[in-house]
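Read off the chains here:
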2 protein chains.
Amino acid sequence: MKKKKVSITDLAKELNVTPSTVSRALNGLGNISTKRKEQIVNLAQKYGYRPNHIAKSMVSNKTFNIGLILPEFTHNYFNNILAGIESITYQKGYQLLICTSDALKEKEEKSCMTLLDARVDGILAAAGNSSDNLDHFSKIIDYGTPLVLLDRICEDLNTSYVITNDFDGAFEAVQYLIDSGCHNIVHIKGPDYISTSFNRFLGYQQALKKNSLNYREELVIAGDSEFFLDDVNNILNTFPIDGFFAFSDYNAYEVVKVLKQRDCKIPEDISVIGYADEPLAQYISPQLSTVKQPAYEIGKRAAEILLKIIEENIEVPMTEQLKTSLVHRETTKNKFISI
Amino acid sequence: MKKKKVSITDLAKELNVTPSTVSRALNGLGNISTKRKEQIVNLAQKYGYRPNHIAKSMVSNKTFNIGLILPEFTHNYFNNILAGIESITYQKGYQLLICTSDALKEKEEKSCMTLLDARVDGILAAAGNSSDNLDHFSKIIDYGTPLVLLDRICEDLNTSYVITNDFDGAFEAVQYLIDSGCHNIVHIKGPDYISTSFNRFLGYQQALKKNSLNYREELVIAGDSEFFLDDVNNILNTFPIDGFFAFSDYNAYEVVKVLKQRDCKIPEDISVIGYADEPLAQYISPQLSTVKQPAYEIGKRAAEILLKIIEENIEVPMTEQLKTSLVHRETTKNKFISI
DNA sequence: TTGAAAGCGTTACCAT
DNA sequence: ATGGTAACGCTTTCAA
């Protein structure tokens, strides 16, 4: 059974003073005689008094809670974001209220309301996939609750963002493939409804263009298609493919599996680059070259920005873009030395 | 800037009724004329009224928040636990306040106090490694806050538990190795300060004994030693090893790497079994046989038990033990058929 | 230096 | 059917 905890009023009664006096003593604010203070503090100690945060929140209108909405926690990417966020919130004395959205709009909407109802001081969210209806996020903004969005930019939402540049990440990867001698590069495309899919796809196209290689629609496969494996095999049967740039490490892994089945030499015959640097990239063999996103940093910066907004009452949205980096492992060749 | 939200009192004023009336209308409790009710509900709708959970908590002494303390979120094991927990709390309308302890006693202690101060309705925790000082958990119990511990049993703590049977899991794994023809089985032991290490170690010993195989101290290696790789090589040079049972998939992975370097045939020459069924078990090659812990189920059951305690005011601690299962992949041979 | 009172938003109980 | 009041635990302002 939950025990009643001792309150400021309880202490006050026992010492024949008023709650205000006790409050002052315990918070070290206002004038109070050293003797009284000592007396009060000792009694508080004796009873193991703990301030009631709920009551504090009522009067201060501040909860020291931060809401966090993430699609899920099974990808290492989001775990690292979480770790980054926590490194900041922990140190600043904020607690994290977490909601997983499963990338479902319905859950995402509900989470927003829940967090708003919980009166969190601010919200960090990685928008799920549905880019169409962002009303729930607008609502957060309308309510005046600070919001920092991670990962994807939502054009219509005038708020703060911490993102990575998917275009650049993709561009760099494909440029690397080209520099190491690939000319017929397949792109495994991400789900249509995510902006990152589009940006990586764009990076792929631009890198080809920059190097005077033709973009060919036939060399693009949907990574989430049910015929994915067939598509990969077909394309390998039809074209002299020498490189793959995949939307995700998981897609890349599937490709590698097919390639191994077909006894292709990786990377001599065909190079593969994934995206995200999930742990599996290091565990599979050959180890996967991939585009690393600074997930921990993203979380950290997002939390820093959010707390800055909360604590300094900043009104102007800020956007911060973090750099990706290409991790060269065993599925890519060395670059040719260009003179 | 955070906007002031409309309150019951605001609504009451605008309609020239008292807050109590508005409260009744909005909660559908007590007597109220249909007309009034409609009027109030409409106005609430119009202003987008949202009840203030903080205020509700003040009077009800209930927050609908559950505290969760986990060592970290990078292992899939804990993510799955989280997912399992969330599946229940979400559905029952509770929010999760999470704290990562990094398996540090200090952070663990602080987390307990933080959650208690936040007046959570209950706490779920996977105790970190230090099994010596459990005062912080006792404090939770003393405060009368329901507590369910995951993963490890802490002898001195009279509270509810959801655990898996490490002894059985280990026993089954080693029995399998023996059944498939292994006689010289190495055990990679986990960190000394975790109870699970000890239980798996015990399972290993008992399985040997049951099968009239001698337990030999020389065949046990500490998985967290800095000389781990050397130790593995030494043991392979010295004894005719034909099997490994590792405390974790990570340890097992290291062993597999060494074995591959030495051109051992897996599993023909040497079998390997890991523990936990982390994703890497499926990604490495050969795919790792391992003992699967029902992480999602653990989280789910723990949350169910906690909510039952909270909502039904149950005082008697309950312990639930979940079964592990052996996942047979490519690092183990088939069992001999015994007649 | 200390006390008294109001208020944060809500509910519950007792009157009317 | 509705109003009034107290209460939850704390802070803050004003008065003594």
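Residues numbered from 1 in each chain as written. Chains lettered and ligands numbered in written order. Predicted model: local features only at pLDDT ≥ 70, side-chain atom pairs only at ≥ 80, totals over all residues. Heavy atoms only, no water.

## What about the protein's contact with DNA strand D?
So the rule is basically this: Residues are classed as near a molecule or strand on a simple rule: at least one heavy atom within 4 Å of it. N or O atoms closer than or at 3.5 Å make up a polar contact, with two conditions inside protein: a donor-capable atom paired with an acceptor-capable one, and, for residues adjacent in sequence, both atoms drawn from side chains. Helix and strand assignments follow DSSP, with helices taken as H or I runs no shorter than four residues and strands as E runs no shorter than two, numbered in order from the N terminus.
The environment of DNA strand D is formed by 26 residues, the closest being Ile-8, Ser-23 and Tyr-49 of chain A together with Thr-21 and Asn-31 of chain B. Here the atoms of DNA strand D within 4 Å of the protein split so that 64% fall in sugar or phosphate, with bases taking the remainder. Asn-27 of chain A has a polar side-chain atom sitting 3.2 Å from a phosphate oxygen of DNA strand D. Counting residues per element, the ones that place at least two in the surface near DNA strand D are helix H2 (19–27) and helix H4 (53–60) of chain A together with helix H2 (19–27) and helix H4 (53–60) of chain B.

## Things to note about a nonpolar patch on the surface
Put simply, the rule reads: What makes a patch is a set of residues exposed beyond 30% relative accessible area and free of salt bridges, joined within 9 Å when like-charged and within 5 Å when nonpolar (Val, Leu, Ile, Met, Phe, Trp, Tyr). Only the protein chains shown count as covering a residue, and every accessible area follows the Shrake-Rupley method with a 1.4 Å probe. A side-chain nitrogen of Lys or Arg and a carboxyl oxygen of Asp or Glu constitute a salt bridge if their distance falls within 4 Å.
Judged by side-chain polarity, Met-58 and Val-59 of chain A together with Met-58 and Val-59 of chain B come together as a nonpolar surface patch covering roughly 410 Å² of accessible area. Counting residues per element, the ones that place at least two in the nonpolar patch are H4 of chain A together with H4 of chain B. Positionally, Met-58 of chain A belongs in helix H4.

## Quick notes on the UniProt feature "domain: HTH lacI-type" (unreviewed entry) in chain A
To keep things clear, this is the line we draw: UniProt positions are given in the numbering used here, feature names are shortened, and annotations may be inferred rather than shown by experiment.
UniProt annotation of "domain: HTH lacI-type" (unreviewed entry) refers to residues 6–60 of chain A when read in the numbering used here. In this annotation, residues 6–60 of chain A is assigned 71% helix and 0% strand; the end-to-end C-alpha distance for the span is 21 Å.

## A few points about the nonpolar core
Rules: Put simply, a nonpolar core is a bunch of buried Ala, Val, Leu, Ile, Met, Phe, Trp, Tyr and Cys residues held in one set by side-chain atoms that sit within 4.5 Å of each other. Three labels apply to residues, based on accessible area from a 1.4 Å probe with only protein chains included: buried if under 20% of the type maximum, exposed if over 50%, partly exposed otherwise in between. Residue contacts follow a heavy-atom distance rule, with two residues in contact if any of their heavy atoms lie within 4.5 Å.
Formed by 84 residues in total, the largest nonpolar core has its most connected members in Leu-236, Phe-244 and Phe-245 of chain A together with Leu-236, Phe-244 and Phe-245 of chain B. In this structure, Phe-244 of chain A is in contact with Leu-177, Ile-185, Val-186, Ile-188, Val-232, Leu-236, Val-255, Leu-259, Ile-270, Ser-271, Val-272 and Ile-273 of chain A, ignoring residues within four places of it in sequence. Judged by nonpolar contacts, the second largest core, of 56 residues, contains Ala-302 and Ile-309 of chain A together with Ile-66 and Ile-298 of chain B.

## Re the pairing of strand E1 (residues 65–70) of chain A
All names here are of chain A. Filter applied, for reference: At least two bridges found by DSSP between two strands is the condition for calling them paired.
Extensive coverage of E1 is indicated by the burial of 6 of its 6 residues. Of the two faces of E1, the one carrying Asn-65, Gly-67 and Ile-69 and the one carrying Ile-66, Leu-68 and Leu-70 are both buried. Relative to strand E3 (residues 122–126), E1 is paired through 4 bridges, and the arrangement is parallel. Among the inter-strand pairings, Ile-66 is bridged to a residue of E3, identified as Gly-122.

## What to know about the UniProt feature "domain: HTH cro/C1-type" (unreviewed entry) in chain A
Feature annotation in UniProt assigns "domain: HTH cro/C1-type" (unreviewed entry) to the following positions: residues 2–54 of chain A. Secondary structure across residues 2–54 of chain A divides into 62% helix and 0% strand, with the first and last C-alpha atoms of the span separated by 16 Å.

## What about the packing of aromatic side chains?
Definition in use: Any pair of Phe, Tyr and Trp rings, taking the six-membered ring for Trp, is counted once the centres come within 6.5 Å. Such a pair is stacked with planes under 30 degrees apart, edge-to-face with planes over 60 apart, and tilted for the rest. A ring is considered to have a charge above it if a Lys NZ or an Arg CZ atom is located within 6 Å of its centre and within 35 degrees of its normal.
Summed over the entire model, instances satisfying the criterion amount to 15 aromatic pairs over all chains. Aromatic side chains Tyr-283 of chain A and Tyr-253 of chain B sit 4.8 Å apart centroid to centroid with 85 degrees between the ring planes, which places their arrangement in the edge-to-face category. Placement of Tyr-283 of chain A in helix H12 (residues 280–283) and of Tyr-253 of chain B in helix H11 (residues 249–261) is noted, with the two residues assigned to different chains. Of the two residues, Tyr-283 of chain A and Tyr-253 of chain B, both sit in the buried class. One aromatic cluster is present, formed by Phe-201, Tyr-204 and Tyr-215 of chain A through successive ring pairs. Across the ring face of Tyr-90 of chain A, the terminal group of Lys-110 of chain B is positioned such that the distance to the ring centre comes to 4.5 Å.

## Some words on the interface of chain B and chain A
Our working definition: A simple way to read buried area is as the amount of 1.4 Å-probe accessible surface that goes missing from two parts once joined, with both sides added. For this scheme, ten residues count as nonpolar: Ala, Val, Leu, Ile, Met, Phe, Trp, Tyr, Cys and Pro. Four count as charged, namely Asp, Glu, Lys and Arg, and the remainder, Gly too, count as polar.
At the junction of the two partners, chain B supplies 51 residues and chain A supplies 51 residues. For the pair chain B and chain A, the two sides together bury roughly 5,100 Å², of which 52% comes from carbon and sulfur. The largest contributions to the chain B side of the interface with chain A come from Lys-2, Arg-119 and Tyr-283 of chain B, which together make up 15% of the buried area. Seen at the junction of chain B and chain A, the total is 2 salt bridges. Here chain B is connected to chain A by 14 residue pairs in polar contact (both at pLDDT 80 or more). Looking at the side of chain B that touches chain A, the elements with two or more residues in it are H4, helix H5 (76–92), strand E2 (95–100), helix H6 (105–117), H11 and helix H12 (280–283) of chain B. Class assignment for the residues of the side of chain B that touches chain A results in 21 nonpolar, 18 polar and 12 charged.

## Some details on the pairing of strand E6 (residues 185–189) of chain B
All names here are of chain B. The buried fraction of E6 amounts to 5 of the 5 residues, a majority that puts the element mostly inside the structure. Of the two faces of E6, the one carrying Ile-185, His-187 and Lys-189 and the one carrying Val-186 and Ile-188 are both buried. Sheet topology places E6 next to strand E8 (residues 243–246); 4 bridges connect them, and they run parallel. Counterpart to Ile-188 in the pairing with E8 is Ala-246.

## What about the protein's contact with DNA strand C?
Around DNA strand C sit 27 residues in total, of which Thr-21 and Asn-31 of chain A together with Ile-8, Ser-23 and Tyr-49 of chain B are the nearest. Restricting the count to atoms of DNA strand C within 4 Å of the protein gives a sugar and phosphate share of 66%. Arg-36 of chain A is positioned such that a nitrogen or oxygen atom in its side chain is 3.5 Å from a phosphate oxygen of DNA strand C. Here the residues of the surface near DNA strand C are counted per class, giving 10 nonpolar, 12 polar and 5 charged.

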